[in-house]
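Listed below, chain by chain, are the residues.
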Number of protein chains: 2
Amino acid sequence: MDLDRFDRQLLNLVQQDCGQTADRLAEHVALSPSAIQRRLRRLRESGVIERESAIVDPRAVGRPTLFIVSLQVERERPDLMAQLRKWLAAQEHVQQAFYVTGEADFVLVVTAPDAETYDALMGRLVSENPNVARFTTNVAMSVVKRGLTIPVPLEE
Amino acid sequence: MDLDRFDRQLLNLVQQDCGQTADRLAEHVALSPSAIQRRLRRLRESGVIERESAIVDPRAVGRPTLFIVSLQVERERPDLMAQLRKWLAAQEHVQQAFYVTGEADFVLVVTAPDAETYDALMGRLVSENPNVARFTTNVAMSVVKRGLTIPVPLEE
DNA sequence: CCTGAAATCTGGTGGTC
DNA sequence: GACCACCAGATTTCAGG
């Protein structure tokens, strides 16, 4: 699917706020509201817009602590690697998981209400995934920025 | 602001999909649609729901590469620390930035269309922020999971 | 005071040019 | 891509618990 200038503008706007009406979006995109709606629908159906999600304040729901985890694994067994990926994806406390180059093999972003919950999770991680060699934890003392926004250039 | 069982259910649902109608949400929450709408509005106005955002597929917009960066700084100068935070928050390519304990001082998640763009950004990081001592980069080869969802327990 | 129900009104959907 | 008619959902108001 290729995106023209209008689609790109829409993507930038909708990443900031996907609750806006088409009329409101039309103030920025020089397109009629119905054209905007049709484009948004196409973007959703084609999977360019993966999901529309509410971002909640962690402090408000009593889940304040974020942990950044670097994970080293034994890479010999492809089946265990697949299992680990599945395991990570299934854990609700694991917000994000990346398979990376470098010293670490995976980098995780984990939320937990407290250190005990986090410890329990990591205990299960190592006991249920035999190819996990070791991990190091960084506790987030403050969140400087938080989002999944991807800047979309208007011209390719 | 304190949240009852219904609010907590709503937050979990709306983190998965904030485009749902109140009727649809009512199928899961045992509340009338109008009660749901009022609660959602309150959650937004009180800041429990910070933002509602579309999540776009990085591949679809030609910005496929994610970098995980560990940053070490000289911590002597509080003013420079504040400046660095501001700088990070202002960079559109910096999706996330955490101030952490441990070996690293900051962990960043950065998007870029290619390595050159990334290099240029990091060049500006060090030249415009004199207290940046060093950084190490991990390139994300694959994204196992990606989200900002916080599991909200129904009972406090 | 908060929840559920009815009426109004705004925004989204599909056809057509 | 814009215009128009139709319908679904959101907002407001009111009654009941």
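Our subject is the structure listed above.
Computed from a predicted structure; not experimentally measured.

A.B. asks: Quick rundown of the state of the cysteines? Include the residues and the values.
C.D. replies: Per the stated rule, a full pass over the model turns up 0 disulfides over all chains. Note on Cys18 of chain A: no disulfide assigned, nearest cysteine sulfur contributed by Cys18 of chain B at a separation of 3.5 Å. Its relative accessible area of 15% is what places Cys18 of chain B among the buried residues.

A.B. asks: Give a detailed account of the environment of Val152 of chain A, specifying residues and quantitative values.
C.D. replies: In this fold, Val152 of chain A is placed in the segment after β5 (132-145). Looking at Val152 of chain A, the relative accessible area reads 5%, which means it is buried. Separated by 98 residues in the primary sequence, Val152 of chain A and Ala54 of chain A have C-alpha atoms spaced 21 Å apart. The contacts of Val152 of chain A, once residues within four sequence positions are left out, are Arg8, Leu11, Asn12 and Gln15 of chain A together with Val61 of chain B.

A.B. asks: Pulling in residues and values, what's your account of the protein's contact with DNA strand C?
C.D. replies: Inspection of the region around DNA strand C gives Thr21, Ala22, Gln37 and Arg41 of chain A together with Leu31, Ser32, Ser34, Ala35, Arg38 and Arg39 of chain B as its neighbouring residues. The share of sugar and phosphate among atoms of DNA strand C within 4 Å of the protein is 67%. One nitrogen or oxygen atom from the main chain of Ala22 of chain A is found 3.4 Å from a phosphate oxygen belonging to DNA strand C. Within the backbone of Ser32 of chain B, a nitrogen or oxygen atom sits 3.4 Å from a phosphate oxygen of DNA strand C. Looking at the surface near DNA strand C, the elements that each hand over two or more residues are α3 (33-45) of chain A together with α3 (33-45) of chain B. With 4 residues, the top contributor of residues to the surface near DNA strand C is α3 of chain B. Each residue belonging to the surface near DNA strand C can be placed in one class, and the counts come to 3 nonpolar, 4 polar and 3 charged.

A.B. asks: If you had to explain the pairing of strand β3 (residues 94-100) of chain B to someone new, which residues and values would you point to?
C.D. replies: Among the 7 residues that make up β3 of chain B, 7 are buried, leaving the element largely enclosed by the rest of the structure. Relative to β3 of chain B, β5 of chain A runs antiparallel, the two being bridged by 4 bridges. Bridge assignment links Val143 of chain A to a residue of β3 of chain B, and that residue is Phe98 of chain B. Of the strand pairs in this sheet, β3 of chain B and strand β4 (residues 106-112) of chain B are connected by 5 bridges, and their pairing is antiparallel. Residue Ala97 of chain B lies in a different strand from β4 of chain B, and its bridge partner there is Leu108 of chain B. Counted along the chain from β3 of chain B to the antiparallel partner β4 of chain B, the turn is 5 residues long, and its residue Gly102 of chain B has a positive phi close to 100°.

A.B. asks: Lay out the layout of surface pockets with the relevant residues and their values.
C.D. replies: In this structure, the largest pocket occupies an estimated 420 Å³ of space. Lining the largest pocket are 21 residues, and of these Ser70, Glu103 and Thr136 of chain A together with Ser70 and Glu103 of chain B sit closest to its centre. Taken together, the residues that form the lining of the largest pocket break down as 7 nonpolar, 10 polar and 4 charged. Put simply, the second largest pocket is a space of about 240 Å³. Considering the residues around the second largest pocket, the lining is formed by 15 residues, among which Cys18, Gln20, Leu40, Arg44 and Glu52 of chain B are closest to the centre. Looking at the lining of the second largest pocket, the elements with two or more residues in it are α2 (22-29) and α3 of chain B. Here the lining of the second largest pocket gets 4 residues from one element, more than from any other, and that element is α3 of chain B. Taken together, the residues of the lining of the second largest pocket sort by class into 7 nonpolar, 5 polar and 3 charged.

A.B. asks: Explain the interface of chain A and chain B to me, using residue names and the numbers behind them.
C.D. replies: Taken residue by residue, the interface counts 61 residues in chain A and 61 residues in chain B. Buried area between chain A and chain B, summed over both chains or domains, comes out near 6100 Å², and the portion from carbon and sulfur atoms is 57%. Here chain A and chain B share 2 salt bridges between them. In this structure, Glu50 of chain B and Arg146 of chain A form a salt bridge, with 3.4 Å as the shortest nitrogen-oxygen distance. Where chain A meets chain B, there are 44 residue pairs in polar contact (both at pLDDT 80 or more). Of the residues in the side of chain A that touches chain B, the class split is 35 nonpolar, 15 polar and 11 charged.

Calculation notes
- Residues numbered from 1 in each chain as written.
- Chains lettered and ligands numbered in written order.
- Predicted model: local features only at pLDDT ≥ 70, side-chain atom pairs only at ≥ 80, totals over all residues.
- Heavy atoms only, no water.
- Disulfide = S-S within 2.5 Å.
- Buried < 20%, exposed > 50% of the residue type's maximum accessible area, 1.4 Å probe, protein only.
- Helix = DSSP H or I, 4+ residues; strand = E, 2+ residues; numbered from the N terminus.
- Contact = heavy atoms within 4.5 Å.
- Near = heavy atom within 4 Å.
- Polar contact = N/O pair within 3.5 Å; in protein donor to acceptor, adjacent residues only side chain to side chain.
- Nonpolar A, V, L, I, M, F, W, Y, C, P; charged D, E, K, R; others polar.
- Pairing = 2+ DSSP bridges.
- 1 Å grid on protein atoms, 1.4 Å probe; cavity = no way out; pocket = protein on both sides within 12 Å on 5 of 7 lines; lining within 4 Å.
- Points joined across faces, edges and corners; volume = space filled by probe spheres on them.
- Buried area = accessible area lost by both parts, 1.4 Å probe.
- Salt bridge = Lys/Arg side-chain N within 4 Å of Asp/Glu carboxyl O.

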